[in-house]
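Coordinates in review
Each chain is listed here by its residues.
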Amino acid sequence: MTVLEYLEKQGYHFKVKGKEAILDLCPFCKHPHSKDRFLVNLETGAYICNRQDSCGAKGYFKVNSQSKGEEKRNELNSKNINSGIERMLKIRKYITAMDDNMKTYMNTRGISYETCFKARVGNRNGVFCFFYTDESGNAIGVKYRTIPKDGEKKKIWAETGSIMTLLNWDKVPKDSETLYITEGEIDMLSLLEIGIENVVSVPNGAGSHDWIELHYDWLKKFKEIILIMDNDKAGANALKAICDRLKEADNKIFKVDLMFYKDPNEILTDENGRKKLENILKNRTQEIEEDEIQDISEVDGDIKEEATSFGDRAFDKLTGGKRYGEVMVITGNPGSGKSTYLNNIMCNLLNFGVKIYTSQGEFSAKKFKQNIMKILSRPKQIETVNNPFKDKVYGIVTKEAEEKISKWLSGKLFIGKEQVPTKVQLLRNLEFAYKKYGIRDFFIDNLMTINLESNSSDKYDKQRELFIDLQEFAKKRNVFIAIVAHPRKNTIADLEDADMGVVSGASEIINLANSAFFFKRLSEKEADKLKEAGITASVGAKTLKDREFGDIGMKAYWNYEIKTGRFLDVKFPNNSMNKKYGWEDTEKIELTIENIGMPF
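First, a word on what this report is: a plain description of the structure on this page. (Residues numbered from 1 in each chain as written. Predicted model: local features only at pLDDT ≥ 70, side-chain atom pairs only at ≥ 80, totals over all residues. Heavy atoms only, no water.)

1. With respect to the sheet that holds strand β12 (residues 224–228)
Note: strands within a sheet are paired through backbone hydrogen bonds, in either parallel or antiparallel orientation. One open sheet holds the five strands; their spatial order is β11-β10-β12-β13-β14, and the pairing between them is mixed. Edge positions in the sheet fall to β11 (199–201) and β14 (285–287), since each has one partner strand and no second. Each strand axis lies, on average, 30° off the axis of its neighbour in the sheet, ignoring direction. Where β12 lies against strand β13 (residues 252–256), four bridges are found, and the strand directions are parallel. Residue pairing across strands places Ile225 opposite Ile253, the latter belonging to β13. Sitting on the sheet, helix α8 (residues 233–246) touches β12 and β13, and the angle it makes with β12 is about 165°. Packing of helix α10 (residues 273–283) onto the sheet brings it into contact with β10 (178–182), β12, β13 and β14, and relative to β14 it is tilted by some 20°. (Pairing = 2+ DSSP bridges. Helix = DSSP H or I, 4+ residues; strand = E, 2+ residues; numbered from the N terminus. Axes fitted to C-alpha atoms, helices over the stretch in contact; angles between N-to-C directions. Contact = heavy atoms within 4.5 Å.)

2. What to know about the packing of aromatic side chains
All told, the structure shown has 24 aromatic pairs when counted by the stated rule. Aromatic ring contacts, followed pair by pair, group Phe310, Phe315, Tyr341, Phe443, Phe480, Phe517, Phe519, Trp558, Tyr560 and Phe567 into a single cluster. The side chain of Lys103 reaches across the aromatic face of Tyr113, ending 4.4 Å from its centre. The positively charged end of Arg440 is found above the aromatic ring belonging to Tyr324, 3.8 Å away from the centroid. (Phe/Tyr/Trp six-rings, centres within 6.5 Å; stacked < 30°, edge-to-face > 60°. Lys NZ or Arg CZ within 6 Å of the ring centre and 35° of its normal.)

3. Things to note about the nonpolar core
In terms of nonpolar packing, the biggest core is built from 40 residues, with Phe315, Ile330, Leu376, Phe443, Phe519 and Trp558 touching the most fellow members. At seven residues, the largest contribution of residues to this core is made by helix α12 (residues 338–351). If we skip the residues at most four places from it in the chain, Phe315 touches Phe310, Gly320, Met328, Ile330, Tyr341, Ile345, Phe517, Phe519 and Trp558. (Core = buried A, V, L, I, M, F, W, Y, C linked by side-chain atoms within 4.5 Å. Buried < 20%, exposed > 50% of the residue type's maximum accessible area, 1.4 Å probe, protein only.)

4. Topic: helix α7 (residues 210–219)
Within α7, the full set of buried residues consists of Trp211, Ile212, His215, Tyr216, Trp218 and Leu219. If you follow the buried residues of α7, they end up packed against β10, β11, β12, α8 and α15 (423–437).

5. Remarks on the sheet that holds strand β8 (residues 139–145)
A sheet is described by the order of its strands in space; here four strands give the open sequence β6-β7-β8-β9, paired in antiparallel fashion. The two strands at the open ends of the sheet, each matched to only one other strand, are β6 (122–124) and β9 (156–158). Across this sheet, the average inter-strand angle for adjacent strands is 35°, counted without regard to direction. Across the face of the sheet, helix α4 (residues 100–108) comes into contact with β6, β7 (127–133) and β8 while running at roughly 75° to β7.

6. Quick notes on the state of the cysteines
A full pass over the atoms with the stated rule returns zero disulfides. No disulfide involves Cys116; its nearest neighbouring cysteine sulfur is the one of Cys129, lying 12 Å away. Since its relative accessible area comes to 0%, Cys116 is described here as buried. (Disulfide = S-S within 2.5 Å.)

7. Brief notes about the pairing of strand β24 (residues 555–560)
Pairing geometry for strand β23 (residues 539–546) and β24, over four bridges, is antiparallel. Bridging from a neighbouring strand, Ala541 pairs with Ala556 of β24.

8. Section: unusual backbone geometry
With omega at 15°, the peptide bond leading from Asp445 into Asn446 counts as cis. The backbone phi angle of Asn125 is positive, close to 55°, even though this residue is not glycine. The backbone phi angle of Asn168 is positive, close to 85°, even though this residue is not glycine. As for its position among the elements, Asn168 is in the loop between β9 and β10.

9. Brief notes about helix α14 (residues 399–409)
Taken residue by residue, α14 has Ala401, Ile405, Trp408 and Leu409 as its buried positions. Here the buried residues of α14 occupy an arc of 90° about the axis, which is enough to place them on one side. Turned more than 90 degrees from where α14 packs its buried face, Lys399, Glu400 and Glu403 sit exposed. Within two residues after α14, Gly411 carries a phi angle of roughly 80°, on the positive side. (Arc of directions from axis to C-beta.)

10. Looking at the packing of α7 against α8
Remark: α7 packs on α8, axes separated minimally by 11 Å, with the N-to-C direction vectors making an angle of 45°. The angle between α7 and α8 places the two elements in the oblique class. Crossing geometry of α7 relative to α8 is assigned as right-handed. Counted together, Trp211, Ile212, Glu213, Tyr216 and Leu219 of α7 and Ile242, Arg245 and Leu246 of α8 form the full contact between these two elements. (Parallel < 35°, antiparallel > 145°, perpendicular 65-115°, else oblique. Left-handed = near helix turned anticlockwise from the far one by under 90°.)

11. Brief notes about the side chain of Asn265
With respect to the helices and strands, Asn265 occurs in helix α9 (residues 264–268). Owing to a relative accessible area of 3%, Asn265 belongs among the buried residues under this scheme. Apart from the residues within four sequence positions on either side, Asn265 is in contact with Arg109, Ile111, Ile186, Asp187 and Ser190.

12. A closer look at the packing of α12 against helix α13 (residues 365–376)
The N-to-C vectors of α12 and α13 enclose an angle of 60°; their axes lie 10 Å apart at closest approach. Where α12 crosses over α13, the two elements pack in a sense that is right-handed. Residue-level contacts link Thr340, Asn343, Asn344, Met346 and Cys347 of α12 to Phe368, Asn371, Ile372, Ile375 and Leu376 of α13.

13. Remarks on the side chain of Arg323
Mapped onto the secondary structure, Arg323 falls in the loop between α11 (313–319) and β15 (326–332). Within polar-contact distance, the side chain of Arg323 engages the side chain of Glu326 at 2.9 Å. (Polar contact = N/O pair within 3.5 Å; in protein donor to acceptor, adjacent residues only side chain to side chain.)

14. Things to note about the pattern of salt bridges
Scanning all chains against the criterion turns up 28 salt bridges. Across the pair Lys262 and Asp230 runs a salt bridge, and its minimum N-O distance is 3.0 Å. In this pair, Lys262 sits in the loop between β13 and α9 while Asp230 sits in the loop between β12 and α8, placing the two residues 32 residues apart along the sequence. The exposure class of Lys262 is partly exposed, given its relative accessible area of 40%. What makes Asp230 buried here is its relative accessible area of 11%. One salt bridge in this structure joins Asp569 and Arg313, with 2.8 Å as the shortest N-O distance. Within this pair, whereas Asp569 is found in strand β25 (residues 567–569), its partner Arg313 is found in helix α11, the two being separated by 256 residues in sequence. On the basis of relative accessible area, Asp569 is assigned to the buried category, the value being 10%. Look at Arg313 and you get partly exposed, because its relative accessible area is 34%. Within this structure, Lys240, Asp244, Glu248, Glu431, Lys435 and Arg477 form a network of salt bridges that share partners. (Salt bridge = Lys/Arg side-chain N within 4 Å of Asp/Glu carboxyl O.)

Below, the structure written as structure tokens:
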């Protein structure tokens, strides 16, 4: 196995530059600042995390003559899951109260021991410990932070197996209608120091927003949320991203203008810092509102390609990759496999760790799940069942496989409950999935099963309005939407004949989409013609529209495997046929964390 094959098999998101693969995030620390800074040499397998305040990950991926379990253990040798759970269960005996050195350091930051005590800051061999809790105050996670020595930077890491909640959320007064959210622990302590108790800190810096899903319902109770991010680009990006997900009709989101200060703690440690911090929080807090126009100087002009893989070599070449902020249309003859192919793409993205929302009008949730599970399985994990009324057989995954797949899919794949939603219901579901779960990949199957509450005279107008709304949502939230649309003609005899006029419905559907692709089960004549060119295929796709590159008429081909529903790469069929998805590598580990007694 080559290093490139190994990375693809692991489901990592990466791009290749020369002899290096650049991963989206470091797989060890997964810190947002590690974006595009984890490098892997494709010849030697050497890797290194090059982010600021690096986690220290450095070594070699061992990709030859090892079982999958051995590969995984080598890759995660610095964060062994089992030993991490052991440490979590035993950690309480190592935690004590802050020593004099730690108290002195906090005093230099303007923070008293009394404030640290109230915030449950602990000590483990001279390293600060911050406890992340459930709503009742039981510790379920621990983060460590060193005292930086001269010429060194602080190091921050979390105990393996920790559940990272908003720091201090269980201590926010129950009757609070306003909540302050800071970017770091020291900033949170700074607000506690001046008597603000309704304050929390995000667990993993400005770039990580997993805490929103965890606390979504709790956050909705506050009428006002005041965000205090660092005064830098990452902080500005975080303000927008968090506001997008927390803003509701019945609440207000504010930000604090820190003037020329980097963060609240820098204000606190300035001359007359307590008073300055109080005044800035009082007088320089302003509601975040969406402007209808923007100063062009504030626009980031970096237009480097940010496309990511669909997990399919042929489709990546056809599309140029998946780009957020776009709407893609998939169409094709009845029975051409357009819905099944989208299911294949969803499985690939799920394997990358991408969260997905889908609206399924063609199939019930039960049938859709079975179709997804078959693609995620291999033939030996699928049982053949006879239909008692027809001379037909069909496949279902084994109970053992279903149990493991269901566990693996938990929290990754979400489906709308309404099979035929109205436009209002669909858009509301998309918005909810984005806000609560941070979902950015949406698959709608299909256009004809959306109740547009129209009649024959305004049907096309309603379809156009829906596509305008979908484009607005895709661009406003920077998400990707794929939607299946039926063809205008019942059958396209030859893939060459497919063009932009093939989609049923309003002519604006294709015009409003960023890209469109036609899928077709190849005729015997088409298949024979391909064989003459050295290609054996049963399904083809053609580009109808490509706003990004203008490559109209490009084609891609696959073979369809009936038992699993997989689309097999014509160039590397064995890779597709034998591909293992992540659920097969998930060890049965119960992440049950015993409540940790507080050190004081």
